[in-house]
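Overview (structure and organization)
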Amino acid sequence: MKFCQKCGKQLLDDARFCEFCGTAVIENDEDAAEIQPVTEESDVEITREEVVSEQLLEKVFKKKFVLTKKLMAILACTLAGLVVIGVVIGNAISQNKYKEKLEAVYDDITYGAEKAESHASLQSKVWRNCIYEQSSSETDKYTKNEYGSYYSDFNDALASFYEGESLTYSLVSLNVSSVDAQMSKLKDCPKKYEDEYKALKELYVSYSELADLVIGNSSYSWTTFSEALESAKSDYKSALSSARLLLD
């Protein structure tokens, strides 16, 4: 026989709950674990846990989403900054290379001008000394024939001079070609080096005048040649003085 542990009423042998008070009939530990009435309170607790879990997940997702957006923004700003830095560095490198080119052309011009002036000055001396039969250790080998007599025609003296100074002539000619090619590449001048380019261009013009006296085909008398030489030397000296301050 079974009796309710709470109200003491007699129960049926197979009863699991008291029909009078509703108390569960517990015969052993397994029944106690198995027969656990589900209350509204436990349902509420489970529901709250589920809601809290969902809210936490939602918050975590939102935080991750916000962090992702911030990271993307930071990465975008970083990339933009790197691009700007790259452009700035690229421009700086390009400008430095331009300055190096200016200095290289300056060196070539001064070298070529020295050769051209030397050649033209010696030509003028040979011309004059042949006409006026003036002796000089520098010009006698060009103004006199194998017998030691002055050439009666100064063109013979000049022909001898051109032959003897052919190497210098070739150096001047090659230098002019090189400088012309380099100057054409300097036209797109950065604003930073406008003054340097202007000074170099003026030097280039005066250098060209000197070189033209060596490799040009213009017809001169000795008088007009010597006057052109002095004018070209003066212009070059003035241009060199300005360029030297910026490029030397």
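Residues numbered from 1 in each chain as written. Predicted model: local features only at pLDDT ≥ 70, side-chain atom pairs only at ≥ 80, totals over all residues. Heavy atoms only, no water.

1. Considering the confidence of the model for the chain
- Of all residues in the chain, 76% have pLDDT values of 70 or greater, and the mean over the chain is 83.
- Confidence, expressed as mean pLDDT per element, reaches its minimum in the chain at helix α1 (residues 29-34) with 52 and its maximum at helix α3 (residues 140-143) with 97.
- This model gives residues 35-46 a pLDDT under 50, and the stretch forms five contacts once residues within four places in sequence are excluded.
- Overall, residues 85-90 carries pLDDT values under 50, and its contacts beyond four positions in sequence, including any with other chains, amount to zero contacts. (pLDDT = per-residue confidence, 0-100. Helix = DSSP H or I, 4+ residues; strand = E, 2+ residues; numbered from the N terminus. Contact = heavy atoms within 4.5 Å.)

2. Digging into the nonpolar core
- Within the largest apolar cluster, 33 residues are counted, with the highest numbers of intra-cluster contacts made by Leu102, Ile109, Leu186, Leu200, Leu203, Tyr207 and Tyr236.
- The set of elements that each furnish at least two residues to this core consists of α2 (40-131), α5 (166-184), α6 (194-215) and α7 (222-247).
- When residues no more than four places from it in sequence are discounted, the contact partners of Tyr236 are Ile109, Thr110, Ala113, Leu203, Ser206, Tyr207 and Leu210.
- Val126, Cys130, Tyr142 and Phe161 belong to the second-largest nonpolar core, a separate cluster that totals six residues. (Core = buried A, V, L, I, M, F, W, Y, C linked by side-chain atoms within 4.5 Å. Buried < 20%, exposed > 50% of the residue type's maximum accessible area, 1.4 Å probe, protein only.)

3. Some details on the side chain of Ser124
- Secondary-structure assignment places Ser124 in helix α2.
- Every residue in contact with Ser124, bar those within four places of it in the chain, is listed here: Trp222, Phe225, Ser226 and Leu229.

4. Description of the side chain of Glu196
- Mapped onto the elements of the fold, Glu196 is located in helix α6.
- Nearest to the buried, unbridged Glu196 among oppositely charged side chains is Lys99, at 4.9 Å. (Lys, Arg positive; Asp, Glu negative; His and termini not counted. Salt bridge = Lys/Arg side-chain N within 4 Å of Asp/Glu carboxyl O.)

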